[in-house]
Amino acid sequence: MKYNEIEFDTYFKNYPDANGYFGKYGGSYISDDLKNAMAEITEAYFTICKSGKFISELRRIRKEFQGRPTPVSHLERLSNKLGNVQLYAKREDLNHTGAHKLNHCMGEVLLAKYMGKKKVIAETGAGQHGVAMATAAAYFGMECDIYMGAVDIKKQAPNVARMKILGANVVEVTDGLQTLKEAVDAAFAAYAKDYKNSIYCIGSVVGPHPFPMMVRDFQSVVGIEAREQFVEMTGELPDAVVACVGGGSNAAGMFAGFLNYPVDIYGVEPLGRGTALGDHAASLTYGTEGVMHGFNSIMLKDENGDPAPVYSVASGLDYPSSGPEHAFLHDLGRVKYDVISDDETIDAFFTLSRLEGIIPAIESAHAVAYAMKLAEKMGKGSILINLSGRGDKDMDYIIERYGIR
Ligand SMILES: *Cc1c(COP(=O)(O)O)cnc(C)c1O
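Residues numbered from 1 in each chain as written. Predicted model: local features only at pLDDT ≥ 70, side-chain atom pairs only at ≥ 80, totals over all residues. Heavy atoms only, no water.

### What about empty space enclosed by the protein?
Let me state the cut-off plainly: For cavity detection a 1 Å grid was placed over the protein atoms alone, and a set of points counts as a cavity when a 1.4 Å probe fits there but cannot get out; an open set counts as a pocket when protein lies on both sides within 12 Å along at least five of seven lines, with lining residues being those that have an atom within 4 Å of a point. Grid points are joined across faces, edges and corners, and a volume is the space filled by probe spheres set on the points. For this classification, Asp, Glu, Lys and Arg are treated as charged, while Ala, Val, Leu, Ile, Met, Phe, Trp, Tyr, Cys and Pro are nonpolar and the rest, including Gly, are polar.
Scanning all chains against the criterion turns up 1 cavity of 30 Å³ or more. If you add up the space inside the largest cavity, you get close to 30 Å³. Together, Ala252, Phe255, Ala256, Leu259, Glu325, His326 and Leu329 line the largest cavity. Of the residues that constitute the lining of the largest cavity, the class distribution is 5 nonpolar, 1 polar and 1 charged.

### Structural notes on unusual backbone geometry
Using the following cut-off: Helical segments are the DSSP runs of H or I of at least four residues, strand segments are the runs of E of at least two, and each set is numbered from the N terminus.
With omega at 0°, the peptide bond leading from Tyr15 into Pro16 counts as cis. For Pro16, the position within the fold is in the loop between α1 (11-14) and β1 (21-22). Residue Pro69 is bonded to the preceding Arg68 through a cis peptide linkage, with omega at 0°. Here Pro69 is to be found in the loop between α3 (52-66) and β3 (72-75). In this structure, Thr97 takes a positive phi of about 75° despite not being glycine.

### Considering the site of the ligand
Stated formally: A single heavy atom is enough: if one lies within 4 Å of a molecule or strand, its residue is considered near that molecule or strand. Under the rule applied, a polar contact is a pair of N or O atoms within 3.5 Å (in protein, one hydrogen donor and one hydrogen acceptor; residues adjacent in sequence only if both atoms are side-chain atoms). For the accessible areas, the method is Shrake-Rupley and the probe is 1.4 Å, while residue cover comes only from the protein chains on display. Delimitation of the domains relies on an automatic or database domain assignment.
The local shell around the ligand holds 17 residues, among which Lys101, Ser204, Gly248, Ser249 and Ser388 are the closest. Within the backbone of Gly248, a nitrogen or oxygen atom sits 2.7 Å from an oxygen atom of the ligand. Ser388 is positioned with one of its side-chain polar atoms (N or O) 2.7 Å from a nitrogen atom of the ligand. For the ligand, whose accessible area on its own is 390 Å², the fraction buried by protein is 97%. Counted by class, the shell around the ligand contains 5 nonpolar, 10 polar and 2 charged residues. Residue assignment places the shell around the ligand across two domains, with domain 1 (21-62 + 100-211) and domain 2 (68-99 + 220-402) each supplying three or more.

### Considerations on the side chain of Thr70
How we decide: A 1.4 Å probe rolled over the protein chains alone gives each residue an accessible area, and that area as a share of the maximum for its type sets the label: buried under 20%, exposed over 50%, partly exposed in between. Residue contacts are counted whenever heavy atoms from the two residues lie within 4.5 Å of one another.
Within the secondary structure, Thr70 is located in the loop between α3 and β3. The class for Thr70 is buried, based on a relative accessible area of 0%. Each residue touching Thr70, except ones within four places of it in the same chain, is listed here: Lys90, Arg91, Glu92, Leu94, Asn95, Glu225 and Gln229.

### Some words on helix α2 (residues 32-48)
Our working rule: Expected helix span is given by 1.5 Å per residue-to-residue step, counting one fewer step than there are residues.
The end-to-end C-alpha distance of α2, which contains 17 residues, comes to 24 Å, matching closely the 24 Å that a straight helix rising 1.5 Å per residue would cover. Among all positions of α2, only Leu34, Ala37, Met38, Ile41, Thr42, Ala44, Tyr45 and Ile48 are buried. The inward-facing, buried residues of α2 contact α3, α5 (101-114), α9 (180-193), β8 (198-200) and α10 (211-234).

### Let's talk about the nonpolar core
Applied cut-off: Throughout, nonpolar core names a set of buried Ala, Val, Leu, Ile, Met, Phe, Trp, Tyr and Cys residues whose side chains join them through atoms within 4.5 Å.
In this structure, Ile41, Leu111, Val120, Tyr191 and Tyr200 are the most contacted members of the largest nonpolar core, which totals 63 residues. Domain assignment of the residues forming this core places at least three in each of domain 1 (21-62 + 100-211) and domain 2 (68-99 + 220-402). Ignoring sequence-local partners within four residues, the contact set of Ile41 consists of Leu111, Met115, Tyr191, Ile199, Pro210, Phe211 and Met214. Counting residues in each nonpolar core, the second largest holds 38 residues, with Leu82, Val268, Ala314 and Leu355 among its members.

What follows is the structure in structure tokens.
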């Protein structure tokens, strides 16, 4: 199947299918206990997400609490510096808590409330997903257990403090390497034991069905808003849309607004220090098909076929796979996935800060760097970047490691 064989106007009805597949990717590779739990979430989601009450409550929350709609900004000085292509940014950095993650966390916890759950369970690596979950849990008055590797707890002190101030219970995981992978396993195990009372909320468009679909749907507000705002500002669609891809949630949300339109779409993966295994986290670019964390996708494997060690300057992009929908769009050729290195990212981080007064998250700076390169190649037209988050969390690290450029 190729791009032109897919009917994109019915795409969202057909993908994923009833078993959570986007073509051969996705599905649900989990224990029977967890299968029951996921079936419960899937059924509730399909019922509740069509309820007028749920939809209007989510809309109200987005407007009154999150600060949506977030604006689209014309990056005029950056555009002038690069030539004739006009660059624009969808400002997810202006969401409450500073990134797009709250879009799906508020949706997931509202769903939990409708399901009568008392507790939300999640894992976190760098702590960004944990902070968004703790925020949503505080808003809805839910208990919140965040599983986090002991190594990450030491590294991410400010986010651990934020979660605790917000009332979350940060559960230290001391198995294995004591980082994200072990935290995911521990969170899944805790959830399997207590799924009657609790709901598990994954941090991206990854994991077993229904999460890749549900998180995409909650994030699609980004792409739909951005398309309408862009057309209102310029009278046209953008020629290209660009987003960074870790697990792939901000990209999936942005792309959802444009898949059915004549727009070139680019997903940007982290090349880190280079192309050797262990030096990057560009799973779609360099990986192969495989199953991890309950879903089939394209992943980076070590010599035993297990998830390979990965690296990126951006801890939010540091994951050995991406969501199944991205693997599908990759194979179809509808989205072009490409890479940006740490160095290019740091340059873009300072360039955007200096020329536009916007300090981007280091994850988002990957998308900015790619758009800057693409602008030179295109020569004319327009590019819309998803600025997935703000860079306050990254400033100390960047100054310490790179100095002021
Ligand atoms: C977590 C994070 C990402 C990466 O996650 P995706 O699921 O790939 O979107 C990107 N940008 C920011 C600001 C993040 O916090």
